[in-house]
Amino acid sequence: MSTRWWSSTEFAEFLSKLVPDSISRVEENACYLVPEKLVEAMMALRDDADSNFVHLTNLCAADYWDKFEVIYHIQSLEKNCIASVKVEVLDRENPVLPSVTSVWHGAWLQECEAYDLYGIRFENHPNLTRILLWEGYPGWPLRKDFLTMPGGLQPGLNEFAGTAAKPEPPVHTVE
Amino acid sequence: MSEIVKTEPFVMNIGPQHPSTHGVFRVKVTVDGEQITDAEMVIGYLHRSMEKLAEERTYTQNIPFTDRTDYLSSMSNNLGYCLAVEKLGGLSVPARGQAIRVIMAELQRLASHCMGAGAFANDTGAWQTPVMWFNRERERILDIFEMTSGARLTCNYMRIGGVAFELRSGFEEAVRNLLPRLQQTIADGQELLAENEIFIARARDVAVVSPETAIGASLTGPMLRGSGVAWDIRKADPYSGYEKYDFQIPIGYKGDAYDRFTVRLEEMRQSIKIVEQALDDLPGGPHSTEVPLAFRPPAGEAYARIESPRGELGYYLISDGGPSPFRFHIRPPSLINLSVLKEMTVGASVADAIIALGSVDIVVGEIDR
């Protein structure tokens, strides 16, 4: 028996009954939550007997040039099912999101890591510090506009990364 | 004669250069006398920004990076990454490739647990002798890896769609000769360590993690199973044909350092069982499917996970349809298992903190990536 993945429509239907107005939109592979309702919704998902998402498996962020996304993979060990939940962070200058450490203690280090590499501040986190890099490191390395080599071109892009709004189809020369 | 001795808080570093930290890992502990009142870990000494580098390389070029995250179990890392790419691209692996992957992953678990159990014995004070017994057998497993892939530690053996090469002639014989020796080493470990009075006194009731804490802190692997939660990805979400093999999930009942050690020993026995079964009915046919070198999976995302020796190793990939991943994220079991470091060490003595850390079985390359 393999783990059952909740489809996003099924998940949205379930969550809208549990916590109304907590979903911003539903896409094919994940359900997007409203940041203000994030902690309430996650708490309800953890405590409800039907969902029972007691285990936060994975938490990571991703940069889409115009926005950040934080992805949560939450699972129930008893029911052997897993769901993918996302939250969008639109403010690139000052990205803030509520912390889910009050729901799962396991979010602690993973949120620190997302803060360290993307600069997303998680509010109400007990001790949000940079863990892999040192305090005062210039920039947020996993953002797309951070160059791996100073003054270099971002591989895969034909513009300087900081100036390109959104990359056109990436140009690679691997074939 | 009554003289009251007062102590005051004192900050002390364990590591980064200390044998008990298993790599460049530092714990800043505040001690009051012998008791730890606060523990804060400092990591990042080995940070190589693999997640960033991987965004600039093709999917196949990223496989060697995964070797270097958890350098004690490169085969498992290869497997997890390849599964994620295959999930993303909708590829399938031939039956022989799957069986070879299972054999390699289980041999890797044996090698890694040999190191974990030996190093833990070191931390409890059984200085160097057990670690040498275990390493003697681990070295034989690494010889088999060298024979198969050309490298002992950074094997880079798996490929998207299968494995890199066919098994060398004499492989099966070498593994079959090795398994009884391993069985004997595990029995020795059981007899001389797990049933040893001094070892029990040292490791029992140290660094206890309750099942509720373990689940809430996202622990996986022997850390979670040591706390009595029977959760193993190989059973719960079988990959690479694990549903075909007969094996059990060992669990502890107290959630202390001793339970984690015995869970690892028992897991090694189960791994031997799996390797034997896989060798007995190793299917014929191709070892890999043909995948173009500049492989471009369709736009989308995939999260694939395996039971690595340290816990749930997940790879989360986002593709934009290009030849390199748009986002490459590793869920490192070593890092997340350290979520409970504070819970395990606060209130304990410094000597017990060393045992707590040893029982997590961390690999710093995976924590820092």
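Residues numbered from 1 in each chain as written. Chains lettered and ligands numbered in written order. Predicted model: local features only at pLDDT ≥ 70, side-chain atom pairs only at ≥ 80, totals over all residues.

**Some remarks on the overall build of chain B**
Part 1: Scanning chain B from terminus to terminus reveals 15 helices and 8 strands.
Part 2: Relative to the globule expectation of 21 Å for 369 residues, the C-alpha radius of gyration of chain B, 21 Å, shows essentially globular dimensions.
Part 3: Each principal axis of the C-alpha atoms in chain B carries an extent, and together these give about 85 × 45 × 35 Å.
Part 4: For chain B, buried positions account for 56% of its 369 residues. (Helix = DSSP H or I, 4+ residues; strand = E, 2+ residues; numbered from the N terminus. Rg over C-alpha atoms; globule rule 2.2 N^0.38 Å. Buried ≥ 20, exposed ≤ 12 C-beta atoms within 10 Å, placed from the backbone.)

**Digging into the overall build of chain A**
Part 1: Along the backbone of chain A there are 3 helices and 8 strands.
Part 2: What you see in chain A, going N to C, is helices and strands ordered as β-α-β-β-α-β-β-β-β-α-β.
Part 3: Within chain A, the fraction of its 175 residues that count as buried is 40%.
Part 4: Here the analysis covers contacts within chain A between residues at least 6 apart in sequence; of these, 41% occur between residues at least 24 apart. (Contact = placed C-beta atoms within 7 Å.)

**Some words on the nonpolar core**
Nonpolar side chains in soluble globular proteins generally cluster together in the buried interior.
Part 1: Counting 150 residues, the largest nonpolar core has Val70, Ala114 and Ile120 of chain A together with Ala356 of chain B as the members making the most contacts within it.
Part 2: Examining the composition of this core, we find that 15 residues originate from one element, helix α4 (residues 95–124) of chain B, more than from any other.
Part 3: Contact partners of Ala114 of chain A, with chain neighbours within four places excluded, come to Leu59, Cys60, Ala61, Val70 and Ile120 of chain A. (Core = buried A, V, L, I, M, F, W, Y, C linked by C-beta atoms within 7 Å.)

**A look at the environment of Ser149 of chain B**
Residues and elements named next belong to chain B.
Part 1: Its place among the elements puts Ser149 in helix α5 (residues 129–149).
Part 2: According to the C-beta neighbour criterion, Ser149 is buried, with 21 such atoms within 10 Å.
Part 3: Considering only alpha carbons, one finds Ser149 and Gly321, 172 residues apart in sequence, at a separation of 31 Å.
Part 4: Among residues more than four places away in sequence, those in contact with Ser149 are Cys155, Asn156, Tyr157 and Ala164.

**Details of the interface of chain B and chain A**
Part 1: Facing the 37 residues of chain B at the interface are 33 residues of chain A.
Part 2: Those elements giving two or more residues to the side of chain B that touches chain A turn out to be α1 (50–54), α8 (211–216), β6 (300–308), β7 (311–319), β8 (327–331) and α12 (333–337) of chain B.
Part 3: At 4 residues, β7 of chain B tops the list of elements feeding residues into the side of chain B that touches chain A.
Part 4: Residues of the side of chain B that touches chain A, tallied by class, amount to 16 nonpolar, 12 polar and 9 charged. (Nonpolar A, V, L, I, M, F, W, Y, C, P; charged D, E, K, R; others polar.)

**Things to note about the sheet that holds strand β2 (residues 26–32) of chain B**
Residue and element names in this part refer to chain B.
Part 1: In space, the 3 strands of this open sheet follow the order β1-β2-β3, with antiparallel pairing throughout. At either end of the open sheet lies a strand with only one pairing partner, and these are β1 (10–14) and β3 (35–42). The average undirected angle you get between the axes of adjacent strands in this sheet is 25°.
Part 2: In terms of strand pairing, β2 meets β3 through 7 bridges, oriented antiparallel. Among the inter-strand pairings, Asp32 is bridged to a residue of β3, identified as Gln35. (Pairing = 2+ DSSP bridges. Axes fitted to C-alpha atoms, helices over the stretch in contact; angles between N-to-C directions.)

**Quick look at the packing of helix α6 (residues 171–194) of chain B against helix α11 (residues 257–280) of chain B**
Residues and elements named next belong to chain B.
Part 1: At a closest axis distance of 10 Å, the pairing of α6 and α11 adopts a crossing angle of 160°. Relative to α11, the element α6 is oriented roughly antiparallel. Judged by the sense of rotation from one axis to the other, the crossing of α6 with α11 is left-handed. For the pair α6 and α11, contact is made by Glu172, Val175, Arg176, Leu179, Leu182, Gln183, Ile186, Gly189, Gln190 and Ala194 and by Phe261, Thr262, Leu265, Met268, Arg269, Ile272, Val275, Glu276 and Leu279, respectively. (Parallel < 35°, antiparallel > 145°, perpendicular 65-115°, else oblique. Left-handed = near helix turned anticlockwise from the far one by under 90°.)

**Some words on the sheet that holds β7 of chain B**
Remark on secondary structure: sheet strands pair via backbone hydrogen bonds, oriented parallel or antiparallel.
All names here are of chain B.
Part 1: Read from one edge to the other, the open sheet built from 3 strands follows the order β6-β7-β8, with strand pairing classed as antiparallel. Of all the strands in the sheet, the pair left with one neighbour each is β6 and β8. On average, each strand axis in the sheet is inclined to that of its neighbour by 10°, with strand direction left out of account.
Part 2: Of the pairings in the sheet, the one linking β6 to β7 comprises 9 bridges and is antiparallel in character. In the sheet register, Glu301 faces β7, and the bridge partner there is Ile318.
Part 3: Contacts between helix α3 (residues 74–89) and the sheet are confined to β6 and β7, with β6 contributing the most and set at about 150° to the helix.

**Observations concerning the confidence of the model for chain A**
A low pLDDT means the predicted coordinates there should not be read in detail.
Part 1: For chain A, the average pLDDT comes to 81, and 83% of its residues sit at 70 or higher.
Part 2: Confidence over residues 155–166 of chain A falls short of pLDDT 50; this stretch has 21 contacts with residues more than four positions distant or in other chains. (pLDDT = per-residue confidence, 0-100.)

**Some words on helix α1 (residues 8–18) of chain A**
Residue and element names in this part refer to chain A.
Part 1: Buried within α1 we find Ser8, Phe11, Ala12 and Leu15. Each buried residue of α1 lies within a common arc of 100° when the element is viewed along its axis, so the set occupies one face. Away from the buried face of α1 by more than 90 degrees, exposed residues Thr9, Glu10 and Lys17 are located.
Part 2: Here the buried face of α1 lies against β2 (23–26), β3 (31–33), α2 (38–47) and β6 (81–89). (Arc of directions from axis to C-beta.)

**Quick word on the environment of Arg4 of chain A**
All names here are of chain A.
Part 1: Among the structural elements, Arg4 can be located in strand β1 (residues 4–5).
Part 2: As a C-alpha pair, Arg4 and Ile82 span 78 residues in sequence and 6.2 Å in three-dimensional space.
Part 3: Once residues lying within four places of it in the same chain are set aside, the contact partners of Arg4 are Asn80 and Cys81.

**Examining the environment of Met75 of chain B**
All names here are of chain B.
Part 1: Relative to the helices and strands, Met75 resides in helix α3.
Part 2: According to the C-beta neighbour criterion, Met75 is buried, with 28 such atoms within 10 Å.
Part 3: Between the alpha carbons of Met75 and Thr154 there is a distance of 8.1 Å; along the sequence they are 79 residues apart.
Part 4: Beyond its immediate chain neighbours, meaning those up to four positions away, Met75 contacts Met104, Ala105, Gln108, Cys155 and Tyr157.

**A few points about the pairing of β2 of chain B**
Part 1: The pairing of β1 of chain B with β2 of chain B spans 5 bridges and is classified as antiparallel. When the bridges of β2 of chain B are listed, Val11 of chain B appears paired with Thr30 of chain B.

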